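Remarks on the overall topology
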Amino acid sequence: MPLVGFPRILLIGVLVFCLFTGVSFFRQHPQGRLPNFWAHQAANANENSPFSFKPSPGKFKDIRNSTLGFQKIFLINLPERPDKFDQFAIAASFTGFTYDLIEGVKGADVQNKSLPALKGLPATERARNNIVGCWRAHLNAARTIVRNGLSSALIIEDDADWDVYIKDQLQEFAAGSQFLSGVTAGPKPHSPYGDDWDLLWLGHCGAQFTPGDKLQWAIANDATVPEPNRRANFGGEPDIAAAGYDNSTRVVFRTSAGACTYSYALSYRGARRYLRNQALLETFTPIDLGISKMCKSKNTEFKCFAPFPQLIDSHKAAGRMSRDSDIAKYSADDVREHGFTFNIVHSIRLNIDSLLADENAPIQRQWPNDPEVIGPPRPRAMVQSQD
Ligand SMILES: *[C@@H]1O[C@H](CO)[C@@H](O)[C@H](O)[C@H]1NC(C)=O
Ligand SMILES: *[C@@H]1O[C@H](CO)[C@@H](O)[C@H](O)[C@H]1NC(C)=O
Ligand SMILES: *[C@@H]1O[C@H](CO)[C@@H](O)[C@H](O)[C@H]1NC(C)=O
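So, how was this worked out
Residues numbered from 1 in each chain as written. Chains lettered and ligands numbered in written order. Predicted model: local features only at pLDDT ≥ 70, side-chain atom pairs only at ≥ 80, totals over all residues. Heavy atoms only, no water. Helix = DSSP H or I, 4+ residues; strand = E, 2+ residues; numbered from the N terminus. Contact = heavy atoms within 4.5 Å. Near = heavy atom within 4 Å. Polar contact = N/O pair within 3.5 Å; in protein donor to acceptor, adjacent residues only side chain to side chain. Areas by Shrake-Rupley, 256 points an atom, 1.4 Å probe, with all protein chains shown as cover. Nonpolar A, V, L, I, M, F, W, Y, C, P; charged D, E, K, R; others polar. Core = buried A, V, L, I, M, F, W, Y, C linked by side-chain atoms within 4.5 Å. Buried < 20%, exposed > 50% of the residue type's maximum accessible area, 1.4 Å probe, protein only. Salt bridge = Lys/Arg side-chain N within 4 Å of Asp/Glu carboxyl O.

In this structure, Tyr-99 sits in the loop between α3 (82-95) and β2 (100-103). Along the primary structure Tyr-99 and Leu-75 are separated by 24 residues, whereas in three dimensions their C-alpha atoms are 6.3 Å apart. When near neighbours in sequence (up to four residues on either side) are disregarded, Tyr-99 contacts Ile-73, Leu-75, Phe-85, Phe-88, Ala-89 and Ala-92.

Right, let's talk about the site of ligand 1 for a bit. Neighbouring ligand 1 are the residues Asp-62, Asn-65, Ser-66, Thr-67, Gly-69, Phe-70, Gln-71 and Pro-192. Asn-65 is positioned with one of its side-chain polar atoms (N or O) 2.3 Å from an oxygen atom of ligand 1. For ligand 1, a nitrogen atom lies 2.8 Å from a polar atom in the side chain of Thr-67. Against a free-state accessible area of 370 Å², the protein chains account for coverage of 62% of ligand 1. Of the residues in the shell around ligand 1, the class split is two nonpolar, five polar and one charged.

This part covers the nonpolar core. By size, the foremost hydrophobic cluster in this structure holds 42 residues, and its most contacted members are Phe-70, Trp-162, Leu-170, Tyr-193, Leu-200, Leu-202 and Ile-312. Secondary structure elements with two or more residues in this core: β1 (72-77), α3, β3 (152-157), β4 (160-162), α5 (166-180), β5 (199-203), β6 (215-220) and α8 (348-357). Considering each element in turn, this core owes the most residues, six residues, to α5. Discounting residues that sit within four places of it in the chain, Leu-200 has contacts with Phe-70, Phe-173, Ser-177, Tyr-193, Tyr-264, Ala-265 and Phe-305.

Bringing the site of ligand 2 into the picture now. Surveying the vicinity of ligand 2 reveals the residues Asn-112, Leu-118 and Arg-128. One nitrogen or oxygen atom from the side chain of Asn-112 is found 2.4 Å from an oxygen atom belonging to ligand 2. Protein chains bury 28% of the 360 Å² of accessible surface belonging to ligand 2 in isolation.

Right, let's get into the pattern of salt bridges. Oppositely charged side chains are able to pair whenever their charged atoms sit close together. Going through the model one piece at a time under the given rule, you end up with 15 salt bridges. Close ionic contact of Asp-370 with Arg-230 constitutes a salt bridge, the shortest N to O distance being 2.9 Å. Of the two residues, Asp-370 is situated in the loop between α8 and β13 (378-383) and Arg-230 in the loop between β6 and β7 (250-254); the sequence distance between them amounts to 140 residues. Residue class for Asp-370 comes out buried when judged on its relative accessible area of 14%.

In structure tokens:
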């Protein structure tokens, strides 16, 4: 609205109003209004809550901090998609974490001579743009870790979704990654996730057990594990039942393959290996498959731990489907009536509207008719016998 013709007295009124209320409007709001859900639920003695209070031992305490126990968090967002950034910001504000921006890269801005190989480049201009740009943005994130000597960082894409209880989940996950990376009863590791890993693939769309792997970590009776028919994992699901786990168990394991980069963490060691490995590609490979190859390779020791079911996934928002992905293509008329996210039981994205209306609103489950897990999770080490 042009200010000419705007009644001056009203304008002054608005200014004065803003000045007076500035203290509460513009004061920095504490991040994460829902600091510890398991404690929160216990304090509220919610009869229906599957959670019960579980004090966090010192080794895992930092996971509740504003960078989820990593030294930094990096959000990857293309400047032309501020709409995704907006919604991400709201979701992160409820969970209580802060992040730095790594700008997404357009493929057209990546010169051929800066690529490790031209063989394998996607054929169409459009695919090239997306896949090559995405690859470069992820490398920029890894380079930022190396350049700044960060001990670890979580990289997260702007349409990611996660469970409202992610801090609790990450504490459980970290018990697993500490176990797998050989942390014993000794002194506290430098990273609450353990000190011998390169990549933690928290947000994948397809991880696989490593054949012959003997050590795994199981979180049984986990109320945030989706029923088998709510899961999605490209390349087939790890056979949970055959490995002796039931439907409400999450497994943490060394993964030999993966797909999608909704979110993963790199250690400093991992970021250096990653940058070097990607510079030596003989065939250009989309970033997720490139990571997958690193995780699998017996030649490059690159330790990747993953949860299954995954902890972070990609949200498909209600509305025009053409807004979804900067890679996938939909017709302009396709509209999705209800938003959803595979694998995530208490989706933060699907709880935003009720939490905005009332911060103490009961947390909604995405599939309210699925059987509900009662009681706290039961974590344990699993030593598989090899056939
Ligand atoms: C959170 O904890 C990690 C691990 O101890 C640490 O590196 C990071 O600096 C902490 N974040 C903040 C904001 O203090
Ligand atoms: C980059 O390399 C690809 C594959 O060889 C080729 O099709 C394309 O024309 C090249 N682009 C430029 C700008 O040279
Ligand atoms: C686990 O899920 C599978 C697939 O949905 C189902 O066939 C099986 O009965 C479930 N097991 C239990 C113990 O509920």
